[in-house]
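Structural overview for review
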Amino acid sequence: MLNYLIRRVALAVVVLFGLLVATFFIIHLVPGDPVEIVLGGHAPPAQIASVRHQLGLDRPLLSQFGLYLSRMVQGHFGVSFTLGSPVGQIIGQRLGPSAALIGYGMLLSVLIGVPLAIFAALRPNRWLDKAIRVGTTLTFAMPGFWLGLMLALIFGLELGWFPVSGYSGGIGGIFRTLTLPALALGLALAGVVVRTLRSSLLEVLQSEYIEAARSRGLSELRVVGKHALRNSVMNTLTILSVNVGFLIGGTVVIEQVFQIPGLGSLLVEAVEKRDYQLVQTLALLAGSAVVLASLAADLVQATLDPRVRLAGR
Amino acid sequence: MSAIDLLSEPAAPGATTVEAPRSGGIIRRLPLEAKIGAGILLVLFLAGLLAPLIAPYGQNELDFTNIFSGPSASHLFGTDGAGRDVFSRTLYALRLDLGVVLLVTYPPLVVGVLVGAVAGYFGGLVDAIVARIVDTMIAFPFMVLVIAVIAIVGPGIKGVLIGVPIVAWALYARLARSEMLVLREQQFMLATTALGYSRWRAIFRHAVPNLLRSSLIYSTLDMVVNLLLLASLAYLGLGAQPPNAELGSIIADGQSTLLSAWWIATLPGLVVVLFGIGAGLLGDGISDGKLRGRLQ
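Focus on the overall build of chain A
Across its full length, chain A holds 14 helices and 0 strands. Tracing chain A from N to C terminus, the helices and strands come up as α-α-α-α-α-α-α-α-α-α-α-α-α-α. Once the C-alpha set of chain A is aligned to its principal axes, its extents read approximately 85 × 60 × 35 Å. The burial tally for chain A puts 39% of its 313 residues in the buried class.

Written out as structure tokens, the structure reads:
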């Protein structure tokens, strides 16, 4: 286990370092000048030079990179020049709604996806399976923001069950304000959960130990519920961790649809105000969240499933 | 063996001469769902391509005597707050969006397959480096990375054209690499070594044609992902800029009048869904669902 742990953590560290490199070079190599972006284009050369110096952009690229690296690793994300406060602090204030939205979206995707996957796998190629397949194709094809708007139209404006914009904290507040956004986010993921879990269940159900369980006369409920499903829990966990990036991207749009003051809407504001330092930090944070989520999922899996941690030997 | 089942027969030298007469047979052999999917995509691509010819009105043709009128025979998708015909705008939007989708899907496919093929064939240090770069690119939430690029390049199609390919090649590289690892142990690939072919000839003439198939299958789904991304960016105001009609921006325009003029946001959205269904059916039909699982 220790062996696996070290290898897996080392891999995550390499990718995190890659993210640091990528966020740095995207700012510096993509056409477009950050200073001009900050100043808005028509600034006198003297001012451009002074801002350049202030941001450290007049140093050689490698020394800039060193500085960037040491700052980021220590958690000094700089000061946002449009909002005037430390980037870390701003992000801290907006983290809550986004985290709640992602967590709620995941929960809904599991609550919707897992039962449907079981139904579909138990009676493959029957009408229910086909209907579920059509449904997942639909959710895959829908733009998240459009689905959000349609949910807002039906359940918010027509039926009046939920408000169509805003956010409030607490369990009750989250249920009231985030149910529709989380549904818009979770339905697309539920489609992925159904498809992947269905095919893995089908595979498990044909295996010999399931046959053995059946031949011992165990009830179908026990066979599926206790034996087959247990092996598929890991799959679901992997699907969720692989899709953390998808969910984070989704919150950017969904937060805009429902006017939720989270990190996604912060990112859009930052781009509109051309606050590239804030954008850089948010991109880095989003990437790190994905890396850490997949690390966590792999470690949980290795703890529970000896085949994983012993595989590389 | 399952990884190989997907692949067509190994292309032997000179096999290109038999390709042409077989191609008609391939279309006929496709499952029904793939044919329907291909038909839907064909109609939508043609609609976009021919938009200037078939659109009943101009994309910015104003008519203030006829604002917010619902779907009718003269305005299939109704009109918006400036009396513009939403159907015509949708056609022009398809033209712009699908053009950009092709540009950000297929060039990265070519790059990704080549990079993945080389990495998988040679293995060792090259492979390890490529694999880590791919891991890094895939770790970024796609949307966030493209938005970060747009923050520097400035809002508009240009940001999409730069931002999407930066990431998009990585998925194809991962796919091609994992197939190459299996492929290079195949008899016909071992034969290229035995026959003394150069490594590059072995990779480009013999391995790549086999790797392309699954990447092309995946590209049908990738087009949907890219279309959704493009529409989402336009919805956020970061994609195509007015006065160009774009699917996401038409929907965004309709958001404030969702209750009184539902058609502005709803109907162009359904066109996006239709594209996704077409691509999904085509992709499912030709892959039999095997590929999707492997990309997880």
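What follows picks up the thread again.
Section: the overall build of chain B
On a plain count of helices and strands, chain B comes out with 13 helices and 0 strands. The helix and strand sequence of chain B, counted from the amino end, reads α-α-α-α-α-α-α-α-α-α-α-α-α. For chain B, long-range pairs separated by at least 24 residues make up 72% of all intrachain contacts whose partners lie at least 6 apart in sequence.

Thoughts on the packing of helix α5 (residues 87–122) of chain A against helix α8 (residues 170–205) of chain A
All names here are of chain A. Put simply, α5 and α8 touch, their axes get as near as 4 Å, and they point 35° apart. Our pair here, α5 against α8, has a crossing hand that is right-handed. Taken together, the residues that form the contact of α5 with α8 break down as 27 nonpolar, 4 polar and 1 charged.

Points about the interface of chain B and chain A
Chain B puts 43 residues into the contact, and the matching count from chain A is 49 residues. Those elements that place two or more of their residues in the side of chain B that touches chain A are α6 (124–139), α7 (142–153), α10 (199–235), α11 (247–255), α12 (263–287) and α13 (290–295) of chain B. For the side of chain B that touches chain A, the leading source of residues is α7(B), giving 11 residues.

Here we look at the nonpolar core
Counting 172 residues, the largest nonpolar core has A:Leu282, B:Val144, B:Val146 and B:Ile147 as its most contacted members. Excluding anything up to four places from it in sequence, B:Val146 contacts B:Val160, B:Gly163, B:Val164, B:Leu229 and B:Leu233.

Here we look at the confidence of the model for chain B
Residue and element names in this part refer to chain B. When pLDDT is averaged along chain B, the result is 79; 87% of the residues meet or exceed 70. At the level of individual helices and strands, chain B shows its lowest average pLDDT in helix α1 (residues 2–5), which scores 34, and its highest in helix α5 (residues 86–122), which scores 91. Every residue in residues 1–23 is under pLDDT 50, and counting partners more than four places away or in other chains gives 19 contacts. Our summary of model confidence lists the complex with pTM equal to 0.83 and ipTM equal to 0.81.

Regarding the packing of α7(B) against α10(B)
Residues and elements named next belong to chain B. At a closest axis distance of 11 Å, the pairing of α7 and α10 adopts a crossing angle of 50°. Our classification of the angle between α7 and α10 gives oblique. At the point where α7 passes α10, the crossing takes the right-handed sense. For the pair α7 and α10, contact is made by Phe142, Met143 and Val146 and by Leu229, Ser232 and Leu233, respectively. Of the residues contributing to the contact of α7 with α10, the split by class is 5 nonpolar, 1 polar and no charged.

Let's talk about helix α3 (residues 45–54) of chain A
α3(A) sits mainly on the outside: 0 of its 10 residues count as buried. A:Gly56, located one to two residues past α3(A), shows a positive phi value of around 75°.

Re unusual backbone geometry
In this structure, A:Gln259 takes a positive phi of about 55° despite not being glycine. Within the secondary structure layout, A:Gln259 lies in the loop between α11 (244–258) and α12 (263–272).

Describing the environment of A:Thr281
All names here are of chain A. For Thr281, the position within the fold is in helix α13 (residues 276–304). C-alpha of Thr281 to C-alpha of Ile91: the two residues are 190 residues apart in sequence and 9.1 Å apart in space. The residues contacting Thr281, other than those within four sequence positions of it, are Phe77, Val87 and Ile91.

Regarding the environment of A:Ala190
Residues and elements named next belong to chain A. Along the chain, the position of Ala190 falls in helix α8. Put simply, Ala190 and Leu267 are 77 residues apart on the chain and 26 Å apart in space, counted from C-alpha to C-alpha. Those residues within four positions of Ala190 in sequence are excluded, and the remaining contacts are Ser109, Ile112, Gly113 and Thr139.

Procedures and definitions
Residues numbered from 1 in each chain as written. Chains lettered and ligands numbered in written order. Predicted model: local features only at pLDDT ≥ 70, side-chain atom pairs only at ≥ 80, totals over all residues. Helix = DSSP H or I, 4+ residues; strand = E, 2+ residues; numbered from the N terminus. Buried ≥ 20, exposed ≤ 12 C-beta atoms within 10 Å, placed from the backbone. Contact = placed C-beta atoms within 7 Å. Axes fitted to C-alpha atoms, helices over the stretch in contact; angles between N-to-C directions. Left-handed = near helix turned anticlockwise from the far one by under 90°. Nonpolar A, V, L, I, M, F, W, Y, C, P; charged D, E, K, R; others polar. Core = buried A, V, L, I, M, F, W, Y, C linked by C-beta atoms within 7 Å. pLDDT = per-residue confidence, 0-100. Parallel < 35°, antiparallel > 145°, perpendicular 65-115°, else oblique.

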